[in-house]
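A closer look at the structure
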Amino acid sequence: MQAIRSILVVIEPEHSESLALKRAKLIAGVTQAHLHLLVCDMKHDHAGMLGVLKAALVADGYSVTTEQAWNESLHETIIDVQQAEGCGLVIKQHFPDSSLKKALLTPADWKLLRHCPTPVLLVKTAGSWKDKVILAAVNVGNADGEHRHLHTTIIDHGYDIASLAKAHLHVIAAHPSPMLSAADPTLQLSETIEARYREQCRAFQAEFDVDDEHLHIEEGPADVLIPFMAHKLQAAVTVIGTVARTGLSGALIGNTAEVVLDALESDVLVLKPQEVEDHLVELAVKH
């Protein structure tokens, strides 16, 4: 987060108070990152509004450029501009779709999370991050190289946000419930699953300097436990990662981030491993 030099801020003209811009100012105020304001619209001219926003931000000491663009869809427009401007973070306000609409159409924010090569911060709240909890969600049970790298990315970003917002980092680690059908007998007993998971967590804690007070180990599905713990801790930001799966683009986001997006009451930062980011850059360039 500290290394990000340029932030793409998606501005929604119909919403007078831009929550995305509020978060971008907080981050840029600490990191000195450049802000590129984008309105995605092909029908109306928003040059006047962008000019007013830019003038106010420049007067406050921010480095700012603005753009209005449209290319086929919202997520494609955002990714095209992110690539063209070399932005290391995309910030967008999240507007939940109805259950019926989600059943018929893939939400634009899901498409953005799936295909954007850089971290995406989806803003849902107007409240301050200061002195609040930043919740990082990890799957300690997966110790393969891709997940280990993702854990590092998630925890690093969690510590970064906690540092810039003077907040406190907590970590949620969900482990599976016992399965009677499991081939491994130790996976049939709740006690042995938890014992094994806590052992893996101790190694994780030692590596990432997370003490017992700030680590929450829970049994059950991650898509239920993450919103539950975020609500319990009154988290301001939840940091979630995703790894590649075979699919249409070869790199689709894990369902957990999509499912929890509307359930979470906090802002959500979604991260990907470097290999997935690199692959999505290749796809964006080809596109």
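The preceding data block contains the structure.
Residues numbered from 1 in each chain as written. Predicted model: local features only at pLDDT ≥ 70, side-chain atom pairs only at ≥ 80, totals over all residues. Heavy atoms only, no water.

**Section: the packing of aromatic side chains**
- Scanning the model with the defined rule gives one aromatic pair in all.
- Both rings, one in F204 and one in F208, keep their centres 4.9 Å apart while their planes meet at 45 degrees; by these two values the pair is tilted. Of this pair, F204 and F208 both sit in helix α7 (residues 190-208), four residues apart, roughly one helical turn. (Phe/Tyr/Trp six-rings, centres within 6.5 Å; stacked < 30°, edge-to-face > 60°. Helix = DSSP H or I, 4+ residues; strand = E, 2+ residues; numbered from the N terminus.)

**Details of the nonpolar core**
- In this structure, I7, V9, I27, L37, L89, I91 and L269 are the most contacted members of the largest nonpolar core, which totals 51 residues.
- Each residue touching L89, except ones within four places of it in the same chain, is listed here: M1, I4, S6, I7, L8, I27, T118, P119, V120, L121 and L269.
- Ranked by size, the runner-up nonpolar core spans 33 residues in total, among them W110, A230, V268 and A284. (Core = buried A, V, L, I, M, F, W, Y, C linked by side-chain atoms within 4.5 Å. Buried < 20%, exposed > 50% of the residue type's maximum accessible area, 1.4 Å probe, protein only. Contact = heavy atoms within 4.5 Å.)

**Some details on unusual backbone geometry**
- Of note, E72 is a non-glycine position whose phi angle comes to about 70 degrees, a positive value.
- Assignment of secondary structure puts E72 in the loop between β3 (64-69) and α3 (74-85).
- Residue classification places E72 among the exposed positions, given a relative accessible area of 62%.
- One non-glycine residue, Q234, lies in the positive phi region at around 55 degrees.
- By the element assignment, Q234 lies in the loop between α8 (222-233) and β9 (235-241).

**A short note on α8**
- Helix length check: α8 (12 residues) gives 16 Å between terminal C-alpha atoms against 16 Å at 1.5 Å per residue, within 8%.
- Every buried residue belonging to α8 is among L225, I226, P227, M229, A230 and L233, and all of these are buried. (Expected span 1.5 Å × (residues − 1).)

**Structural notes on the side chain of T238**
- Locating T238 in the fold gives a position in strand β9.
- On the accessibility criterion, T238 (0% relative accessible area) is buried.
- Here S266 takes part through its side chain, which lies 2.8 Å from a polar atom of the side chain of T238. (Polar contact = N/O pair within 3.5 Å; in protein donor to acceptor, adjacent residues only side chain to side chain.)

**Some thoughts on the sheet that holds strand β7 (residues 168-175)**
- The sheet built from 10 strands is open, its strands ordered β3-β2-β1-β4-β5-β10-β9-β6-β7-β8 with mixed pairing. Across the chains shown, the open sheet's two edge strands, defined by having one partner strand only, are β3 and β8 (215-219). Neighbour-to-neighbour, the strand axes of this sheet turn through a mean angle of 20 degrees, independent of strand direction.
- In the sheet, β7 pairs with β8 via five bridges, with the strands oriented parallel. Across the sheet, V171 pairs through a bridge with L215, a residue of β8. (Pairing = 2+ DSSP bridges. Axes fitted to C-alpha atoms, helices over the stretch in contact; angles between N-to-C directions.)

**Quick word on the pattern of salt bridges**
- Applying the stated rule across the entire model yields four salt bridges.
- Between D267 and R23 there is a salt bridge, with the nearest N and O atoms lying 2.7 Å from each other. In this pair, D267 is assigned in strand β10 (residues 267-271) and R23 in helix α1 (residues 19-31), connecting sequence segments 244 residues apart.
- Taking the relative accessible area as the measure of exposure, D267 reaches 0% and is therefore buried.
- The exposure class assigned to R23 is buried, which follows from its relative accessible area of 3%. (Salt bridge = Lys/Arg side-chain N within 4 Å of Asp/Glu carboxyl O.)

**Observations regarding the pairing of strand β6 (residues 133-138)**
- Counting buried positions along β6 gives six out of six residues, so the element sits mostly inside the fold.
- Side chains V133, L135 and A137 project from β6 onto one buried face, and the interleaved I134, A136 and V138 project onto a second face that is buried too.
- Sheet analysis places β6 next to β7, joined by six bridges and oriented parallel. The residue bridging V138 from the neighbouring strand is A173, located in β7.
- Strand direction decides the pairing type here: β6 and β9, joined by four bridges, are parallel.

**Comments concerning the side chain of E12**
- Along the chain, E12 turns up in the loop between β1 (6-10) and α1.
- The exposure class assigned to E12 is buried, which follows from its relative accessible area of 15%.
- Aside from chain neighbours lying at most four places away, what touches E12 is K92, Q93 and F95.

**Considerations on the environment of N71**
- Its location among the elements puts N71 in the loop between β3 and α3.
- Its relative accessible area of 24% is what places N71 among the partly exposed residues.
- As for N71 and M42, which are separated by 29 residues in sequence, their C-alpha atoms are 8.5 Å apart.

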